[in-house]
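What follows is each chain in one-letter form.
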Amino acid sequence: MPPRTLGALAGALAWLAAGCGGAGETTVAVYAAASLSEAFEDLAAEYEAANPDADVRLNFAGSARLAAQISAGARADVFASADSATMSRVVAEGRTATPPVLFARNRLALVVPAGNPGGVAGLADLSDDRLVLAVCAPEVPCGVLAQAVLADAGIDADADTAETSVRAVLTKVSLGEADAGLVYATDVAAGGDKVAAVALGPQTRFNDYPVAAVSDRAVAAHFVDFVLGSDGRRILRRHGFAAP
């Protein structure tokens, strides 16, 4: 794991560390959905390069878990969620300092282990009880999207595991612990040669990603502006995210 990346369970420790930066160093604690991991690693690196006194501390997890941390008082500066519903709950609790702005869009993908040992040819195959299917939990944005896409297709699929983040689903599939998983399209690339995508055909449902400053520190709003600016859009596009 890159040194600037902190796991979901290290939210509190992130801020203890953030408060102890070196002389002249400004820290910014960014809580971002797991599906944004690689993109926000690059965003953080470019932001730090453009702002030498900045130290970006990243905390990645499922959006619902991050929202719960923020609701419990975690001292985040920025929150980037994988859907608007989760962000809306944080806003309703008065936990944001700026209005959320949509900055990226993602679509669902059907992912299988390399070699496709389960012989999955499409969504319809997920109704086969002999297959081990991994999805996100229903309270997680990728789980909400998966349920909607399956319902649109009229497919009754019983998941064998419901994970707290999309990356946990990807891990199950990449390790061969599941025959198929429903993740975001951008996660397929993150799985490398351990996974492969199965075509889903045209989709009418997407997840839009909002970002907001949580704290009223100037650096929080500045980092949000960077995400929304031309450099941020370029990085997100490189990682497969579409504009909202």
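The structure we're discussing is the one just above.
Each chain carries its own residue numbering, running from 1 in the written order of its sequence. pLDDT decides what is reported in this predicted model: residues at 70 or higher carry local features, side-chain atom pairs at 80 or more are listed and counted, and totals for whole chains, interfaces and linings draw on all residues regardless. Side-chain metrics rest on all non-hydrogen atoms present in the structure, leaving aside hydrogens and water.

Novice: Residue-level account of the pairing of strand β3 (residues 54–61), with values.
Specialist: Whether a residue is buried, partly exposed or exposed follows from its accessible area with a 1.4 Å probe, protein chains only, as a fraction of its type maximum: under 20%, in between, or over 50%, in that order. A run of DSSP states H or I qualifies as a helix once it reaches four residues; a run of E qualifies as a strand once it reaches two. Both are numbered from the N-terminal end. Most of β3 is tucked away, with eight of its eight residues classed as buried. Of the two faces of β3, the one holding Ala54, Val56, Leu58 and Phe60 and the one holding Asp55, Arg57, Asn59 and Ala61 are both buried throughout. For two strands to be treated as a pair, DSSP must find no fewer than two bridges joining them. Sheet topology places strand β2 (residues 26–33) next to β3; eight bridges connect them, and they run parallel. The residue of β3 that forms the bridge with Ala33 is Ala61. Looking down the strands as they point away from the viewer, one classifies a crossover as right-handed if the path from the first strand across the helix to the second runs clockwise. Once the chain exits β2 it traverses helix α2 (residues 37–50) before rejoining the sheet at β3, and the crossover so formed is right-handed.

Novice: Account for the environment of Val90, with residues named and values stated.
Specialist: As for its placement among the helices and strands, Val90 is situated in helix α4 (residues 84–92). Judged by its relative accessible area of 1%, Val90 is buried. In the structure, Val90 is positioned 26 residues away from Ala64 in sequence and 10.0 Å away in space, judged by C-alpha atoms.

Novice: Explain the nonpolar core residue by residue, including any values.
Specialist: For the purposes of this section, nonpolar cores are sets of buried Ala, Val, Leu, Ile, Met, Phe, Trp, Tyr and Cys residues that join through side-chain atoms within 4.5 Å. Within the largest apolar cluster, 66 residues are counted, with the highest numbers of intra-cluster contacts made by Val30, Leu36, Phe40, Phe103, Leu126, Leu182 and Phe223. When checking whether two residues touch, look at their non-hydrogen atoms; a contact exists if any pair is within 4.5 Å. In this structure Leu182 touches Leu108, Ala109, Leu110, Leu123, Leu126, Ala134, Val135, Ala146, Leu150 and Val169, once residues within four positions along its chain are discounted.

Novice: Got a sec to walk through the state of the cysteines? Specific residues and values, please.
Specialist: We call a pair of cysteine sulfur atoms a disulfide whenever their separation is within 2.5 Å. A full pass over the atoms with the stated rule returns one disulfide. Here Cys136 engages in a disulfide with Cys142; their sulfurs sit 1.7 Å apart. A torsion of -100 degrees about the S-S bond marks the disulfide between Cys136 and Cys142 as left-handed. Taken individually, Cys136 and Cys142 each receive the classification buried, so the pair is uniform in this respect.

Novice: Can you tell me about the packing of α2 against helix α8 (residues 218–228), naming the residues and giving the values?
Specialist: An axis is simply a line fitted to the C-alpha atoms; with a helix, the fit covers only the stretch in contact. Between two such axes, the angle follows the N-to-C directions and lies from 0 to 180 degrees. Between α2 and α8, the shortest axis-to-axis distance is 11 Å and the interhelical angle comes to 115 degrees. When the axes of α2 and α8 are compared, the crossing they make is right-handed. Residues Phe40, Leu43, Glu46 and Tyr47 of α2 lie in contact with α8, whose contacting residues are Val219, His222, Phe223, Phe226 and Val227. Ten residues, namely Ala, Val, Leu, Ile, Met, Phe, Trp, Tyr, Cys and Pro, are considered nonpolar, four, namely Asp, Glu, Lys and Arg, are considered charged, and the remaining ones, Gly among them, are considered polar. For the contact of α2 with α8, the per-class residue count stands at seven nonpolar, one polar and one charged. Here is the rule for handedness: rotate from the far helix to the near one, and if that takes an anticlockwise turn smaller than a right angle the crossing is left-handed, while a clockwise turn gives right-handed.

Novice: Can you explain the packing of aromatic side chains? Please cite residues and give values.
Specialist: Geometry of aromatic contacts follows a simple scheme: Phe, Tyr and Trp rings, the Trp one being its six-membered ring, pair when their centres are within 6.5 Å, and the pair is stacked under 30 degrees between planes, edge-to-face over 60, tilted otherwise. Applying the stated criterion across every chain, the model contains seven aromatic pairs. Judged by centre distance (5.4 Å) and plane angle (75 degrees), the rings of Tyr47 and Phe226 are edge-to-face. Here the residue Tyr47 occupies a position in helix α2, and Phe226 occupies one in helix α8, the gap between them amounting to 179 residues. Take Tyr47 and Phe226: they sit in the same class, and that class is buried. Ring centres 6.2 Å apart and planes at 75 degrees place the aromatic pair Phe103 and Tyr209 in the edge-to-face group. Separated by 106 residues along the polypeptide, Phe103 in strand β5 (residues 101–106) and Tyr209 in strand β11 (residues 207–213) bring together distant segments of the chain. Accessibility classification places Phe103 together with Tyr209 in one group, the buried group. Ring-pair connections join several aromatic residues into one group, and the members of that group are Phe40, Tyr47, Phe103, Tyr184, Tyr209, Phe223, Phe226 and Phe241.

Worth remembering: the numbers are spatial, not functional.
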